[in-house]
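A structural walkthrough
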Amino acid sequence: MAGALHFEDIKEGDEAPVTSHTLTRTDLVRYAGASGDYNPMHHDEIAATAAGQPSVFGHGMFSMGLLGTALTDYVGAGNVRHYQVRFSRQTWPGEELSTKIVVTSKRVEDAGHLVDLACTLANADGEVKVVGEATAVLPSRG
Amino acid sequence: MSAAEPATEVDDEKFLARLKAFEGRTVGAPTEGPDAVNQAMIRHWVEAMGDENPVYVDEQAARANGFPGIIAPPTMLQAWIMRGYKATAELAEARAEGRRAVGASPADDLMHVLDEGGFTSVVATNCEQEYRRSVVLGDRLSVSSSIESVSTEKQTGLGIGHFITTVLAFTDAAGEPVATMRFRILKFRPGTGKSTAALSGPPTAGSEEPRPLRPRPALTHDNAFFFDGARQQKLLVQRCASCGILRHPPRPACAVCRSFEWDTLEASGRGTVYSYVVVHHPQVAAFDYPLPVAVVELEEGTRLVADLVGIEPDAVEIGMPVVVTFVAVDDELTLPMFGPAPA
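Residues numbered from 1 in each chain as written. Chains lettered and ligands numbered in written order. Predicted model: local features only at pLDDT ≥ 70, side-chain atom pairs only at ≥ 80, totals over all residues. Heavy atoms only, no water.

Before going further, it helps to examine the overall build of chain A. Of regular secondary structure, chain A possesses three helices and five strands. Each helix and strand of chain A, ordered N terminal to C terminal, gives the series β-α-α-α-β-β-β-β. Of all 142 residues assigned to chain A, the portion counted as buried reaches 56%. The long-range share in chain A, meaning contacts at least 24 apart out of those at least 6 apart in sequence, stands at 66%. Entry remark: accessible area of chain A is about 5,600 Å², with carbon and sulfur atoms responsible for 52%. (Helix = DSSP H or I, 4+ residues; strand = E, 2+ residues; numbered from the N terminus. Buried < 20%, exposed > 50% of the residue type's maximum accessible area, 1.4 Å probe, protein only. Contact = heavy atoms within 4.5 Å. Areas by Shrake-Rupley, 256 points an atom, 1.4 Å probe, with all protein chains shown as cover.)

What follows is the structure, given as C-alpha coordinates:
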(Lines give C-alpha, C1' and ligand atoms only; values in the text may rest on other atoms or scores of the structure.)
Protein backbone atom coordinates (compact mmCIF):
# COMPACT_ATOMS: atom_id res chain seq x y z
CA MET A 1 0.00 0.00 0.00
CA ALA A 2 1.05 3.54 -0.60
CA GLY A 3 1.60 5.73 2.45
CA ALA A 4 -1.53 6.39 4.45
CA LEU A 5 -3.65 9.31 3.32
CA HIS A 6 -3.56 12.22 5.74
CA PHE A 7 -6.10 14.97 6.29
CA GLU A 8 -3.64 17.52 4.94
CA ASP A 9 -3.12 15.54 1.70
CA ILE A 10 -6.57 16.20 0.32
CA LYS A 11 -8.80 19.10 -0.55
CA GLU A 12 -12.40 19.49 -1.57
CA GLY A 13 -12.97 18.34 -5.12
CA ASP A 14 -10.21 15.72 -4.98
CA GLU A 15 -11.12 12.39 -6.52
CA ALA A 16 -10.13 8.90 -5.46
CA PRO A 17 -8.54 6.65 -8.10
CA VAL A 18 -11.26 5.08 -10.26
CA THR A 19 -11.67 1.33 -10.02
CA SER A 20 -13.55 -0.64 -12.68
CA HIS A 21 -14.93 -4.13 -12.60
CA THR A 22 -16.84 -6.08 -15.23
CA LEU A 23 -19.58 -8.05 -13.51
CA THR A 24 -19.83 -11.78 -14.25
CA ARG A 25 -22.27 -14.45 -13.16
CA THR A 26 -19.37 -16.15 -11.41
CA ASP A 27 -18.87 -13.00 -9.33
CA LEU A 28 -22.45 -13.26 -8.19
CA VAL A 29 -22.06 -16.91 -7.24
CA ARG A 30 -18.86 -16.14 -5.33
CA TYR A 31 -20.55 -13.23 -3.61
CA ALA A 32 -23.62 -15.29 -2.68
CA GLY A 33 -21.33 -17.79 -0.99
CA ALA A 34 -19.18 -15.15 0.67
CA SER A 35 -22.06 -13.04 1.96
CA GLY A 36 -24.64 -15.71 2.75
CA ASP A 37 -27.20 -13.96 0.53
CA TYR A 38 -28.77 -16.83 -1.42
CA ASN A 39 -31.64 -14.95 -3.00
CA PRO A 40 -32.02 -16.95 -6.27
CA MET A 41 -32.58 -13.71 -8.24
CA HIS A 42 -28.80 -13.30 -8.11
CA HIS A 43 -27.65 -16.73 -9.29
CA ASP A 44 -30.53 -18.78 -10.68
CA GLU A 45 -31.25 -17.64 -14.25
CA ILE A 46 -34.38 -19.80 -14.49
CA ALA A 47 -35.85 -18.44 -11.25
CA ALA A 48 -34.94 -14.88 -12.22
CA THR A 49 -36.57 -15.04 -15.66
CA ALA A 50 -39.62 -16.79 -14.17
CA ALA A 51 -39.95 -13.80 -11.83
CA GLY A 52 -39.99 -11.45 -14.81
CA GLN A 53 -36.38 -10.32 -14.64
CA PRO A 54 -34.41 -10.24 -17.90
CA SER A 55 -31.61 -12.25 -16.22
CA VAL A 56 -29.91 -12.65 -12.88
CA PHE A 57 -28.72 -9.35 -11.46
CA GLY A 58 -26.14 -8.18 -8.97
CA HIS A 59 -26.68 -8.01 -5.23
CA GLY A 60 -27.13 -4.44 -4.07
CA MET A 61 -24.63 -5.19 -1.33
CA PHE A 62 -22.12 -6.36 -3.95
CA SER A 63 -22.34 -2.92 -5.59
CA MET A 64 -22.04 -1.27 -2.19
CA GLY A 65 -18.97 -3.43 -1.51
CA LEU A 66 -17.34 -2.59 -4.87
CA LEU A 67 -17.76 1.09 -4.15
CA GLY A 68 -16.67 0.48 -0.55
CA THR A 69 -13.47 -1.12 -1.79
CA ALA A 70 -12.56 2.01 -3.75
CA LEU A 71 -13.45 4.00 -0.64
CA THR A 72 -11.26 2.02 1.76
CA ASP A 73 -8.44 1.93 -0.82
CA TYR A 74 -8.53 5.73 -0.74
CA VAL A 75 -9.15 6.68 2.90
CA GLY A 76 -7.73 3.51 4.46
CA ALA A 77 -9.50 0.47 5.87
CA GLY A 78 -10.64 1.18 9.40
CA ASN A 79 -11.12 4.91 8.78
CA VAL A 80 -14.64 4.85 7.37
CA ARG A 81 -17.15 5.88 10.03
CA HIS A 82 -20.34 6.16 8.03
CA TYR A 83 -21.26 4.91 4.58
CA GLN A 84 -24.71 5.01 3.06
CA VAL A 85 -25.97 4.28 -0.41
CA ARG A 86 -29.09 4.26 -2.51
CA PHE A 87 -29.40 1.50 -5.07
CA SER A 88 -30.80 3.37 -8.06
CA ARG A 89 -30.51 0.71 -10.77
CA GLN A 90 -29.95 -3.01 -10.96
CA THR A 91 -26.56 -4.24 -12.17
CA TRP A 92 -26.32 -6.86 -14.90
CA PRO A 93 -23.67 -9.41 -15.84
CA GLY A 94 -21.47 -7.97 -18.59
CA GLU A 95 -21.62 -4.43 -17.31
CA GLU A 96 -18.41 -2.60 -16.52
CA LEU A 97 -18.94 -0.85 -13.20
CA SER A 98 -16.71 2.10 -12.35
CA THR A 99 -16.39 4.04 -9.13
CA LYS A 100 -16.31 7.78 -8.65
CA ILE A 101 -15.47 9.17 -5.24
CA VAL A 102 -15.14 12.91 -4.66
CA VAL A 103 -14.15 14.77 -1.49
CA THR A 104 -17.06 17.11 -0.74
CA SER A 105 -15.93 18.64 2.54
CA LYS A 106 -13.31 18.56 5.30
CA ARG A 107 -13.98 19.42 8.91
CA VAL A 108 -12.33 19.13 12.29
CA GLU A 109 -14.62 18.02 15.08
CA ASP A 110 -14.32 16.32 18.46
CA ALA A 111 -14.52 13.03 16.56
CA GLY A 112 -11.33 13.93 14.68
CA HIS A 113 -10.31 15.12 11.24
CA LEU A 114 -13.31 14.22 9.12
CA VAL A 115 -13.79 14.10 5.38
CA ASP A 116 -17.09 13.70 3.59
CA LEU A 117 -17.14 11.97 0.25
CA ALA A 118 -19.73 11.62 -2.51
CA CYS A 119 -19.63 8.12 -3.99
CA THR A 120 -21.18 6.79 -7.17
CA LEU A 121 -20.98 3.55 -9.12
CA ALA A 122 -21.95 3.71 -12.79
CA ASN A 123 -21.78 1.53 -15.89
CA ALA A 124 -19.85 2.40 -19.06
CA ASP A 125 -22.83 4.39 -20.39
CA GLY A 126 -22.78 6.55 -17.29
CA GLU A 127 -25.95 4.98 -15.91
CA VAL A 128 -25.70 5.43 -12.16
CA LYS A 129 -26.23 2.23 -10.20
CA VAL A 130 -25.39 3.34 -6.71
CA VAL A 131 -25.21 6.82 -5.28
CA GLY A 132 -24.01 7.39 -1.77
CA GLU A 133 -21.98 9.32 0.70
CA ALA A 134 -19.38 8.46 3.28
CA THR A 135 -17.57 10.04 6.18
CA ALA A 136 -14.06 8.98 7.16
CA VAL A 137 -11.71 10.07 9.89
CA LEU A 138 -8.16 10.66 8.64
CA PRO A 139 -4.89 10.91 10.52
CA SER A 140 -3.50 14.43 10.74
CA ARG A 141 0.08 15.65 10.65
CA GLY A 142 -0.99 18.65 12.70
CA MET B 1 -56.25 -11.28 -1.36
CA SER B 2 -54.54 -12.12 -4.60
CA ALA B 3 -53.18 -9.88 -7.27
CA ALA B 4 -55.98 -10.93 -9.60
CA GLU B 5 -58.81 -9.66 -7.39
CA PRO B 6 -59.00 -5.91 -7.19
CA ALA B 7 -58.84 -4.95 -3.51
CA THR B 8 -61.49 -2.76 -1.97
CA GLU B 9 -60.51 0.27 0.06
CA VAL B 10 -61.52 -1.50 3.27
CA ASP B 11 -59.26 -4.42 2.31
CA ASP B 12 -56.44 -1.99 1.63
CA GLU B 13 -56.87 -0.41 5.05
CA LYS B 14 -56.94 -3.78 6.78
CA PHE B 15 -53.87 -4.88 4.88
CA LEU B 16 -52.00 -1.70 5.76
CA ALA B 17 -52.96 -2.14 9.42
CA ARG B 18 -51.50 -5.67 9.29
CA LEU B 19 -48.28 -4.26 7.86
CA LYS B 20 -48.13 -1.33 10.28
CA ALA B 21 -48.43 -3.74 13.22
CA PHE B 22 -44.88 -4.84 12.41
CA GLU B 23 -43.39 -1.38 12.97
CA GLY B 24 -41.11 -1.31 15.99
CA ARG B 25 -41.08 -5.08 16.35
CA THR B 26 -37.74 -6.51 17.38
CA VAL B 27 -36.26 -9.95 17.58
CA GLY B 28 -35.92 -10.59 21.34
CA ALA B 29 -32.36 -11.29 22.35
CA PRO B 30 -29.40 -10.48 20.12
CA THR B 31 -28.78 -13.43 17.80
CA GLU B 32 -25.22 -14.63 17.47
CA GLY B 33 -23.84 -15.17 13.98
CA PRO B 34 -23.08 -18.79 13.04
CA ASP B 35 -19.29 -18.44 13.05
CA ALA B 36 -16.57 -16.26 14.50
CA VAL B 37 -15.06 -13.72 12.12
CA ASN B 38 -12.65 -15.87 10.17
CA GLN B 39 -10.03 -15.70 7.45
CA ALA B 40 -11.74 -18.14 5.08
CA MET B 41 -14.93 -16.09 4.74
CA ILE B 42 -12.97 -12.87 4.48
CA ARG B 43 -10.91 -14.38 1.68
CA HIS B 44 -14.02 -15.49 -0.22
CA TRP B 45 -15.50 -12.03 0.16
CA VAL B 46 -12.48 -9.98 -0.89
CA GLU B 47 -11.89 -12.28 -3.86
CA ALA B 48 -15.51 -11.87 -4.97
CA MET B 49 -15.06 -8.12 -4.65
CA GLY B 50 -11.58 -7.91 -6.20
CA ASP B 51 -10.44 -6.15 -3.04
CA GLU B 52 -6.67 -6.54 -2.73
CA ASN B 53 -6.14 -4.56 0.46
CA PRO B 54 -3.59 -6.65 2.42
CA VAL B 55 -4.99 -5.69 5.84
CA TYR B 56 -7.76 -8.24 5.26
CA VAL B 57 -5.45 -11.20 4.63
CA ASP B 58 -1.95 -10.40 5.90
CA GLU B 59 -1.27 -10.16 9.63
CA GLN B 60 1.93 -8.15 9.17
CA ALA B 61 0.35 -5.65 6.82
CA ALA B 62 -2.58 -5.22 9.22
CA ARG B 63 -0.24 -4.51 12.15
CA ALA B 64 1.83 -2.14 10.01
CA ASN B 65 -1.39 -0.20 9.38
CA GLY B 66 -2.09 0.13 13.08
CA PHE B 67 -4.60 -2.68 13.52
CA PRO B 68 -4.31 -5.30 16.30
CA GLY B 69 -4.47 -7.97 13.60
CA ILE B 70 -6.30 -8.87 10.41
CA ILE B 71 -9.58 -6.99 10.05
CA ALA B 72 -12.70 -7.71 8.02
CA PRO B 73 -13.81 -5.29 5.26
CA PRO B 74 -16.31 -2.82 6.74
CA THR B 75 -19.03 -3.46 4.16
CA MET B 76 -18.79 -7.22 4.88
CA LEU B 77 -20.61 -6.49 8.15
CA GLN B 78 -23.86 -8.23 7.32
CA ALA B 79 -22.15 -11.43 6.19
CA TRP B 80 -21.27 -12.32 9.80
CA ILE B 81 -24.87 -12.68 10.86
CA MET B 82 -26.48 -14.10 7.71
CA ARG B 83 -28.20 -17.37 8.50
CA GLY B 84 -26.75 -19.17 5.50
CA TYR B 85 -28.07 -21.42 2.81
CA LYS B 86 -29.73 -24.17 4.85
CA ALA B 87 -31.94 -21.81 6.83
CA THR B 88 -32.71 -19.76 3.71
CA ALA B 89 -33.81 -22.91 1.88
CA GLU B 90 -35.96 -24.06 4.81
CA LEU B 91 -37.62 -20.67 4.97
CA ALA B 92 -38.41 -20.76 1.24
CA GLU B 93 -39.80 -24.28 1.57
CA ALA B 94 -42.02 -23.29 4.50
CA ARG B 95 -43.25 -20.26 2.63
CA ALA B 96 -44.08 -22.37 -0.44
CA GLU B 97 -46.06 -24.73 1.80
CA GLY B 98 -47.87 -21.84 3.46
CA ARG B 99 -46.55 -22.52 6.98
CA ARG B 100 -44.39 -20.54 9.36
CA ALA B 101 -40.79 -21.74 9.38
CA VAL B 102 -39.17 -22.71 12.67
CA GLY B 103 -37.05 -19.74 13.72
CA ALA B 104 -38.86 -17.27 11.44
CA SER B 105 -38.30 -13.67 12.57
CA PRO B 106 -40.85 -10.84 12.58
CA ALA B 107 -39.17 -9.66 9.36
CA ASP B 108 -39.81 -13.07 7.79
CA ASP B 109 -43.42 -12.90 8.92
CA LEU B 110 -43.76 -9.45 7.38
CA MET B 111 -42.35 -10.74 4.08
CA HIS B 112 -44.92 -13.53 4.23
CA VAL B 113 -47.80 -11.07 4.71
CA LEU B 114 -46.53 -9.02 1.77
CA ASP B 115 -46.20 -12.14 -0.40
CA GLU B 116 -49.82 -12.98 0.40
CA GLY B 117 -50.78 -9.47 -0.66
CA GLY B 118 -49.20 -10.09 -4.07
CA PHE B 119 -46.05 -8.08 -3.31
CA THR B 120 -43.82 -10.99 -4.16
CA SER B 121 -40.80 -9.28 -5.74
CA VAL B 122 -38.09 -7.65 -3.71
CA VAL B 123 -35.29 -5.22 -4.40
CA ALA B 124 -32.89 -3.45 -2.05
CA THR B 125 -33.14 0.34 -2.24
CA ASN B 126 -30.93 1.81 0.51
CA CYS B 127 -28.25 0.73 2.91
CA GLU B 128 -26.59 2.78 5.60
CA GLN B 129 -23.78 1.55 7.81
CA GLU B 130 -22.09 3.18 10.77
CA TYR B 131 -18.91 1.69 12.12
CA ARG B 132 -17.82 2.06 15.75
CA ARG B 133 -14.70 -0.05 15.35
CA SER B 134 -13.12 -2.43 12.87
CA VAL B 135 -14.23 -6.05 13.00
CA VAL B 136 -11.23 -8.30 13.74
CA LEU B 137 -10.48 -12.01 13.32
CA GLY B 138 -12.08 -13.98 16.14
CA ASP B 139 -14.87 -11.48 16.83
CA ARG B 140 -18.20 -13.11 17.68
CA LEU B 141 -20.81 -10.71 16.37
CA SER B 142 -24.43 -10.73 17.39
CA VAL B 143 -27.26 -8.75 15.88
CA SER B 144 -30.49 -7.25 17.18
CA SER B 145 -32.85 -6.38 14.38
CA SER B 146 -35.97 -4.30 14.42
CA ILE B 147 -38.46 -3.20 11.81
CA GLU B 148 -38.24 0.58 11.80
CA SER B 149 -40.95 1.42 9.31
CA VAL B 150 -43.35 0.01 6.75
CA SER B 151 -44.51 2.52 4.17
CA THR B 152 -47.95 2.94 2.75
CA GLU B 153 -48.45 1.61 -0.77
CA LYS B 154 -46.23 3.46 -3.25
CA GLN B 155 -46.07 3.52 -7.03
CA THR B 156 -42.43 3.15 -8.04
CA GLY B 157 -40.67 2.66 -11.34
CA LEU B 158 -40.44 -1.08 -10.63
CA GLY B 159 -44.00 -1.47 -9.48
CA ILE B 160 -46.53 -0.86 -6.73
CA GLY B 161 -45.08 -1.79 -3.38
CA HIS B 162 -44.15 -1.07 0.19
CA PHE B 163 -40.79 0.13 1.50
CA ILE B 164 -39.57 -1.77 4.57
CA THR B 165 -36.78 -0.30 6.70
CA THR B 166 -34.94 -2.60 9.09
CA VAL B 167 -32.29 -1.59 11.61
CA LEU B 168 -29.58 -4.04 12.63
CA ALA B 169 -27.45 -3.33 15.69
CA PHE B 170 -24.22 -5.33 15.84
CA THR B 171 -22.52 -6.10 19.15
CA ASP B 172 -19.43 -8.10 20.07
CA ALA B 173 -19.01 -10.96 22.57
CA ALA B 174 -18.77 -8.43 25.41
CA GLY B 175 -22.04 -6.85 24.32
CA GLU B 176 -20.28 -3.68 23.15
CA PRO B 177 -21.66 -1.94 20.05
CA VAL B 178 -19.61 -2.52 16.89
CA ALA B 179 -21.76 -1.12 14.09
CA THR B 180 -25.28 -0.40 12.98
CA MET B 181 -26.91 -0.97 9.65
CA ARG B 182 -30.16 0.41 8.27
CA PHE B 183 -31.47 -1.47 5.26
CA ARG B 184 -34.44 -0.56 3.11
CA ILE B 185 -36.11 -2.83 0.61
CA LEU B 186 -39.03 -2.47 -1.74
CA LYS B 187 -41.48 -5.38 -1.83
CA PHE B 188 -43.49 -4.88 -5.01
CA ARG B 189 -46.06 -6.48 -7.27
CA PRO B 190 -44.28 -7.71 -10.37
CA GLY B 191 -45.58 -6.25 -13.61
CA THR B 192 -47.04 -3.10 -12.06
CA GLY B 193 -44.14 -0.78 -12.94
CA LYS B 194 -45.05 2.46 -14.65
CA SER B 195 -41.66 3.01 -16.17
CA THR B 196 -39.15 0.84 -17.90
CA ALA B 197 -36.46 3.28 -16.83
CA ALA B 198 -35.73 1.78 -13.46
CA LEU B 199 -35.22 -1.62 -15.00
CA SER B 200 -32.98 -1.06 -17.93
CA GLY B 201 -32.19 -4.71 -18.51
CA PRO B 202 -28.85 -6.32 -19.18
CA PRO B 203 -26.78 -5.03 -22.07
CA THR B 204 -27.07 -8.42 -23.79
CA ALA B 205 -30.86 -8.68 -23.63
CA GLY B 206 -32.32 -8.71 -27.13
CA SER B 207 -35.63 -7.36 -25.92
CA GLU B 208 -34.11 -4.29 -24.37
CA GLU B 209 -35.90 -1.14 -25.37
CA PRO B 210 -33.88 2.05 -25.68
CA ARG B 211 -34.57 4.54 -22.95
CA PRO B 212 -36.85 7.34 -24.17
CA LEU B 213 -35.21 10.73 -24.63
CA ARG B 214 -36.02 13.66 -22.42
CA PRO B 215 -38.65 16.01 -23.78
CA ARG B 216 -37.12 18.56 -26.20
CA PRO B 217 -37.27 22.23 -25.28
CA ALA B 218 -39.41 24.31 -27.62
CA LEU B 219 -36.69 26.49 -29.15
CA THR B 220 -37.55 30.05 -30.05
CA HIS B 221 -35.73 33.17 -31.14
CA ASP B 222 -35.77 34.26 -27.50
CA ASN B 223 -34.54 31.13 -25.72
CA ALA B 224 -32.18 29.39 -28.18
CA PHE B 225 -29.15 31.20 -26.66
CA PHE B 226 -29.76 29.45 -23.34
CA PHE B 227 -29.48 25.92 -24.77
CA ASP B 228 -26.67 26.88 -27.16
CA GLY B 229 -24.83 28.27 -24.15
CA ALA B 230 -25.35 25.06 -22.16
CA ARG B 231 -23.83 23.04 -25.01
CA GLN B 232 -20.74 25.28 -24.70
CA GLN B 233 -20.74 24.78 -20.90
CA LYS B 234 -21.89 28.34 -20.32
CA LEU B 235 -24.79 29.43 -18.15
CA LEU B 236 -26.18 32.44 -20.02
CA VAL B 237 -28.80 34.72 -18.52
CA GLN B 238 -30.87 37.21 -20.47
CA ARG B 239 -30.17 40.83 -19.56
CA CYS B 240 -32.15 43.92 -20.55
CA ALA B 241 -29.86 46.04 -22.72
CA SER B 242 -31.70 49.20 -21.65
CA CYS B 243 -31.97 48.95 -17.86
CA GLY B 244 -29.62 46.03 -17.14
CA ILE B 245 -32.15 43.90 -15.22
CA LEU B 246 -31.59 40.12 -15.51
CA ARG B 247 -34.50 37.86 -16.40
CA HIS B 248 -35.21 34.17 -16.66
CA PRO B 249 -36.83 32.25 -18.25
CA PRO B 250 -36.09 34.11 -21.49
CA ARG B 251 -38.82 36.29 -22.93
CA PRO B 252 -39.02 39.05 -25.52
CA ALA B 253 -39.47 42.17 -23.40
CA CYS B 254 -38.21 43.58 -20.12
CA ALA B 255 -40.92 43.53 -17.46
CA VAL B 256 -39.39 46.60 -15.80
CA CYS B 257 -38.68 49.05 -18.66
CA ARG B 258 -40.48 47.23 -21.50
CA SER B 259 -37.45 47.35 -23.74
CA PHE B 260 -37.15 44.69 -26.45
CA GLU B 261 -33.37 45.10 -26.51
CA TRP B 262 -31.42 42.43 -24.69
CA ASP B 263 -28.06 40.73 -24.46
CA THR B 264 -26.73 37.93 -22.26
CA LEU B 265 -24.56 37.67 -19.20
CA GLU B 266 -22.44 34.58 -18.53
CA ALA B 267 -23.29 33.65 -14.95
CA SER B 268 -20.64 32.27 -12.60
CA GLY B 269 -22.78 29.20 -12.03
CA ARG B 270 -22.75 29.72 -8.29
CA GLY B 271 -25.99 30.11 -6.40
CA THR B 272 -28.13 28.87 -3.56
CA VAL B 273 -31.22 26.69 -3.33
CA TYR B 274 -34.11 29.14 -3.05
CA SER B 275 -36.72 26.37 -2.98
CA TYR B 276 -36.98 22.78 -4.10
CA VAL B 277 -39.25 19.79 -4.56
CA VAL B 278 -38.51 16.08 -4.83
CA VAL B 279 -40.57 14.57 -7.62
CA HIS B 280 -41.86 11.05 -7.01
CA HIS B 281 -44.96 11.02 -9.14
CA PRO B 282 -45.98 11.07 -11.91
CA GLN B 283 -42.93 9.40 -13.39
CA VAL B 284 -41.71 9.98 -16.91
CA ALA B 285 -39.46 7.27 -18.31
CA ALA B 286 -36.61 9.59 -19.33
CA PHE B 287 -36.00 10.75 -15.74
CA ASP B 288 -34.57 9.12 -12.63
CA TYR B 289 -36.67 9.18 -9.46
CA PRO B 290 -36.83 10.45 -6.81
CA LEU B 291 -35.89 13.60 -8.71
CA PRO B 292 -34.86 16.70 -6.77
CA VAL B 293 -35.66 19.90 -8.67
CA ALA B 294 -34.69 23.31 -7.31
CA VAL B 295 -35.31 26.96 -7.86
CA VAL B 296 -31.73 28.19 -7.78
CA GLU B 297 -30.99 31.80 -6.95
CA LEU B 298 -27.90 32.76 -8.92
CA GLU B 299 -25.38 35.03 -7.25
CA GLU B 300 -25.96 37.47 -10.13
CA GLY B 301 -29.51 37.86 -8.89
CA THR B 302 -32.01 35.93 -11.00
CA ARG B 303 -33.51 32.50 -10.41
CA LEU B 304 -33.88 29.43 -12.54
CA VAL B 305 -35.36 25.96 -12.25
CA ALA B 306 -32.98 23.03 -12.64
CA ASP B 307 -32.44 19.41 -11.62
CA LEU B 308 -30.18 18.79 -8.66
CA VAL B 309 -27.51 16.13 -9.14
CA GLY B 310 -24.89 14.48 -6.96
CA ILE B 311 -26.96 14.79 -3.81
CA GLU B 312 -29.40 12.57 -1.96
CA PRO B 313 -32.90 14.11 -2.06
CA ASP B 314 -32.98 13.93 1.77
CA ALA B 315 -29.86 16.09 1.97
CA VAL B 316 -31.17 19.07 -0.01
CA GLU B 317 -31.69 22.18 2.11
CA ILE B 318 -33.01 25.62 1.32
CA GLY B 319 -30.13 28.08 1.24
CA MET B 320 -27.47 25.48 0.50
CA PRO B 321 -24.76 26.67 -1.89
CA VAL B 322 -24.83 24.96 -5.26
CA VAL B 323 -22.78 25.15 -8.42
CA VAL B 324 -23.74 24.48 -12.01
CA THR B 325 -22.69 21.40 -13.91
CA PHE B 326 -23.55 20.76 -17.53
CA VAL B 327 -25.08 17.38 -18.21
CA ALA B 328 -25.28 16.01 -21.76
CA VAL B 329 -28.55 14.12 -21.25
CA ASP B 330 -28.33 12.78 -24.80
CA ASP B 331 -26.48 13.51 -28.06
CA GLU B 332 -28.52 16.63 -28.78
CA LEU B 333 -29.39 18.10 -25.45
CA THR B 334 -27.15 19.55 -22.75
CA LEU B 335 -28.77 21.02 -19.67
CA PRO B 336 -27.43 23.02 -16.76
CA MET B 337 -27.98 21.18 -13.47
CA PHE B 338 -26.79 22.04 -10.00
CA GLY B 339 -24.84 20.08 -7.42
CA PRO B 340 -23.58 20.86 -3.92
CA ALA B 341 -20.85 23.52 -3.98
CA PRO B 342 -17.51 22.65 -2.39
CA ALA B 343 -17.54 24.47 0.96
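And the narrative resumes.
This part is about the overall build of chain B. In terms of helices and strands, chain B carries six helices and 14 strands. A burial count over chain B gives 44% of its 343 residues as buried. Pairs at least 24 residues apart make up 61% of the contacts formed inside chain B by residues separated by at least 6 positions. Split by element, the accessible area of chain B, about 17,600 Å² in all, is 54% carbon and sulfur.

What the rule picks out here adds up to 30 salt bridges over all chains. A salt bridge links Arg99(B) to Glu97(B); its shortest N-O distance comes to 2.8 Å. Look at Arg99(B) and you get partly exposed, because its relative accessible area is 39%. Note on Glu97(B): relative accessible area 49%, which makes it partly exposed. Residue Asp139(B) is joined to Arg133(B) by a salt bridge in which the shortest nitrogen-to-oxygen separation is 2.9 Å. A residue is classified by how much of its surface remains accessible, and Asp139(B), at 10% relative accessible area, is buried. Through salt bridges that share partners, Arg89(A), Glu95(A), Glu127(A), Lys129(A) and Asp288(B) make up one connected network. (Salt bridge = Lys/Arg side-chain N within 4 Å of Asp/Glu carboxyl O.)

Here we come to the sheet that holds strand S13 (residues 321-328) of chain B. Residues and elements named next belong to chain B. If you walk across this open sheet you meet the five strands as S12-S11-S10-S13-S14, and the pairing is antiparallel. Looking along the sheet, the strands with just one partner apiece sit at the ends: strand S12 (303-307) and strand S14 (334-340). Each adjacent strand pair in this sheet contributes to an overall mean axis angle of 40°, direction not counted. Direction of pairing for strand S10 (residues 270-279) relative to strand S11 (residues 291-298): antiparallel, over a ladder of eight bridges. Note that in S11 the partner of Ser 275 across the bridge is Val 295. Set on the sheet, helix H6 (residues 224-231) makes contact with S13 and S14; between it and S14 the angle comes to about 65°. (Pairing = 2+ DSSP bridges. Axes fitted to C-alpha atoms, helices over the stretch in contact; angles between N-to-C directions.)

All names here are of chain B. Looking at the element boundaries, Ser 259 is found in the loop between strand S8 (246-247) and strand S9 (262-266). A distance of 2.9 Å separates a polar side-chain atom of Ser 259 from the backbone nitrogen of Glu 261. The contact partners of Ser 259, leaving out residues within four places of it in the chain, are Cys 240, Ser 242, Pro 252, Ala 253 and Cys 254. (Polar contact = N/O pair within 3.5 Å; in protein donor to acceptor, adjacent residues only side chain to side chain.)

Residues and elements named next belong to chain B. Note that Gly 339 resides in strand S14. With 29 residues separating them along the chain, Gly 339 and Gly 310 place their C-alpha atoms 5.6 Å apart. Residues contacting Gly 339, with those up to four places away along its chain left out, are Val 309, Pro 321, Val 322 and Val 323.

Here we come to a negative patch on the surface. On the surface, Asp11(B), Asp12(B), Glu13(B) and Glu153(B) cluster together into a patch of negative charge. For Asp12(B), a relative accessible area of 32% puts it in the partly exposed group. (Patch = residues over 30% accessible without salt bridge, like charges linked within 9 Å, V, L, I, M, F, W, Y side chains within 5 Å. Lys, Arg positive; Asp, Glu negative; His and termini not counted. Charge placed at Lys NZ, Arg CZ, Asp CG, Glu CD.)

Residue and element names in this part refer to chain B. Among the secondary structure elements, Arg 99 is positioned in the loop between helix H4 (84-96) and helix H5 (106-116). Here the alpha-carbon distance between Arg 99 and His 112, two residues 13 residues apart in the chain, equals 9.5 Å. One polar contact links Arg 99 to Glu 97, side chain to side chain, over a distance of 2.8 Å.

Before going further, it helps to spend a moment on the pairing of strand S5 (residues 160-171) of chain B. Residue and element names in this part refer to chain B. For S5, a buried count of 10 out of 12 residues is recorded, marking the element as mostly surrounded by other parts of the structure. Judged from the eight bridges that link them, strand S3 (residues 142-150) and S5 form a sheet pairing that is antiparallel. In the sheet register, Val 143 faces S5, and the bridge partner there is Phe 170. Connecting strand S4 (residues 154-155) to the antiparallel partner S5 that follows it, the hairpin turn spans four residues, and Gly 159 within it adopts a positive phi of roughly 160°.

Right, let's talk about the confidence of the model for chain B for a bit. Residues and elements named next belong to chain B. Chain-level pLDDT for chain B is 86 on average; 91% of the residues reach the 70-or-more range. Low confidence marks residues 195-209, where pLDDT is under 50. Its contacts with residues over four positions away, or in another chain, come to 31 contacts. This complex was scored by the predictor with a pTM of 0.67 and an ipTM of 0.92. (pLDDT = per-residue confidence, 0-100.)

As a further point, take unusual backbone geometry. Residue and element names in this part refer to chain B. Along the chain, His 248 connects to Pro 249 via a cis peptide bond; the corresponding omega equals -5°. Residue position: Pro 249 is located in the loop between S8 and S9. Positioned with a positive phi, Gln 233 is a non-glycine residue whose angle comes to about 60°. Judged by its relative accessible area of 48%, Gln 233 falls in the partly exposed class. A positive phi angle, near 70°, is found at Arg 258, a position not held by glycine. Along the chain, the position of Arg 258 falls in the loop between S8 and S9.

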